[in-house]
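Residue-level structure breakdown
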Amino acid sequence: MLTSKKVSNTTSFLGISNGKIELSLRPFAWLAEDLQIDFQQTRPHLETQILECCISNREGSKLDRGFFWNLEIGKRIEYLLILATLPHNSQFGVNLRCLNLECQQQMEIEFPLSSLIDLQHQSENKNPEIAFASENFSLRKPTGNDQLAWLHQVFSDESSAIMAMVQTLLPAEQKSAFQQGCSQHQDWIQTLNQVMEESDPLVNFSLQVNCPYCNTQNLQDFDLGAWALQQLYGAQQQLLVTIHRLAWHYHWSESEIFAIPPWRRSRYLDLINREENY
Ligand SMILES: [Zn+2]
C-alpha cells in the first residue's frame, strides 16, 4: 500500500507497508550517505545498500541490514522501482527497439508505476507450486540472501545451477523426490521457469507491446531491477553535478551544501542557471 505523507518541511517521505511493518521511504540522491554508494559492486550488495539508505521504520530509525537481505527479490525490486521514480514522477518509461529485423524502430513505452506495484502485490502470499507425476512440490520465493548465496557458488552447467537453486527453495522433505521427478521429466526446466514467472512477475518481467510502425507483436524480457539501478545511478551523478555547481558558485564545502535541504539546493541551482542565461 502506498500513501504519501509529509513528515517534515525539508524531506518528504512515503509511507509504505510490507504487510508486517510500516516503513518510511525517502528519495535517493538527497543525502551525503548516498554518495558513498559504489555502483560498481555486485548487484545484490548494491541493492541492499540503497534500500538500507532510503528505507527506515515509521519513526525514521534505520533498520537492520538483515531485514533487506531477507526480503523476497520481488519486494526488493518493488522498493527499488519506487525509489527510481521518486520524488516527482511515478511513471515507468523505457525505450525499446522493435524485434522485427526489417523494422527495428525505437518505441517509447510509458505506464504508471502503480500497475507494476499491483502486479507484485497480487503475487504476494502465493508460493510457486510445481507438479511432477502425482506429487506436488511447493517452493518458497527467493530472497536477497538466496541471491547472495548463489553468487558465491560455481556450477558446471545451467541445469545443475537451476537444480541447486531450486533445492534451496524446497522444504527439506521434498528435495530428493523433486530431483527424482526431474530425472523423469526432460522439460522440467521449462515447466519450472513458467511457474516461477507466474509467481514472481517483477523478477521475471516481460513487456508485450505492438510495434506502432510494423504492427508486429513484441514480447521482450525486461530487467526491472537493472532499470531501477540505472535511474538511481543517474540520480547520484546528478547530485554530484549539483554539489559541483554550488561549490563552484558559492565556495561552499560539501558538508555545508548537504546541510541545505534538497528543495533549497534546487532553488539555488535555478538562480545560478538564470544568471548564466542572462
Ligand atoms: Zn516494428
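Just so you know, these numbers come straight off a predicted model, no measurement behind them. (Residues numbered from 1 in each chain as written. Predicted model: local features only at pLDDT ≥ 70, side-chain atom pairs only at ≥ 80, totals over all residues. Heavy atoms only, no water.)

Some points on the coordination of the zinc ion
Where a metal carries four tetrahedral donors, each ideal angle is 109.5 degrees; where it carries six octahedral donors, the ideal angles are 90 or 180 degrees. Around the zinc ion, the protein supplies Cys98 (SG), Cys103 (SG), Cys211 (SG) and Cys214 (SG) as donor atoms, at distances of 2.3 to 2.4 Å. Because the angles between the four donor atoms bound to the zinc ion fall within 106 to 112°, the donor set is best described as tetrahedral. Mapped onto the sequence, the donors of the zinc ion take the spacing C-x4-C-x107-C-x2-C. A residue is classified by how much of its surface remains accessible, and cysteine 211, at 1% relative accessible area, is buried. What makes cysteine 214 partly exposed here is its relative accessible area of 28%. (Donors = N, O, S within 2.8 Å, 3.2 Å for Na, K, Ca; no water. Tetrahedral: all angles 85-135°; square planar, octahedral: opposite > 155°, others 65-115°. Buried < 20%, exposed > 50% of the residue type's maximum accessible area, 1.4 Å probe, protein only.)

With respect to the side chain of arginine 76
Note on placement: arginine 76 falls in helix α3 (residues 73-84). Among the polar contacts made by the side chain of arginine 76, one reaches the side chain of threonine 48 at a distance of 3.0 Å. Setting aside its immediate chain neighbours within four residues, arginine 76 contacts Pro44, Glu47, Thr48, Leu51, Phe68, Trp69, Leu71, Gly144 and Gln147. (Helix = DSSP H or I, 4+ residues; strand = E, 2+ residues; numbered from the N terminus. Polar contact = N/O pair within 3.5 Å; in protein donor to acceptor, adjacent residues only side chain to side chain. Contact = heavy atoms within 4.5 Å.)

Regarding the packing of helix α1 (residues 43-54) against helix α9 (residues 224-250)
Running from N to C, α1 and α9 point in directions that differ by 60°, and their axes come no closer than 12 Å. Taken together, the axes of α1 and α9 are oblique relative to one another. The handedness of the crossing between α1 and α9 is left-handed. Where α1 abuts α9, its residues Arg43, Leu46, Glu47 and Ile50 lie against Gly225, Ala226, Leu229 and Leu232. Across the contact of α1 with α9, the residue classes break down as five nonpolar, one polar and two charged. (Axes fitted to C-alpha atoms, helices over the stretch in contact; angles between N-to-C directions. Parallel < 35°, antiparallel > 145°, perpendicular 65-115°, else oblique. Left-handed = near helix turned anticlockwise from the far one by under 90°. Nonpolar A, V, L, I, M, F, W, Y, C, P; charged D, E, K, R; others polar.)

Quick word on the domain arrangement of the protein chain
Domain boundaries assigned for the protein chain yield domain 1 (2-93 + 224-276) and domain 2 (94-221). A straight line from the C-alpha centre of domain 1 to that of domain 2 covers 29 Å. In this complex, domain 1 contributes 24 residues to the contact, which on the side of domain 2 involves 23 residues. Roughly 2200 Å² of surface becomes buried between domain 1 and domain 2 when both sides are summed, with 66% attributable to carbon and sulfur atoms. (Domains from an automatic or database assignment. Buried area = accessible area lost by both parts, 1.4 Å probe.)

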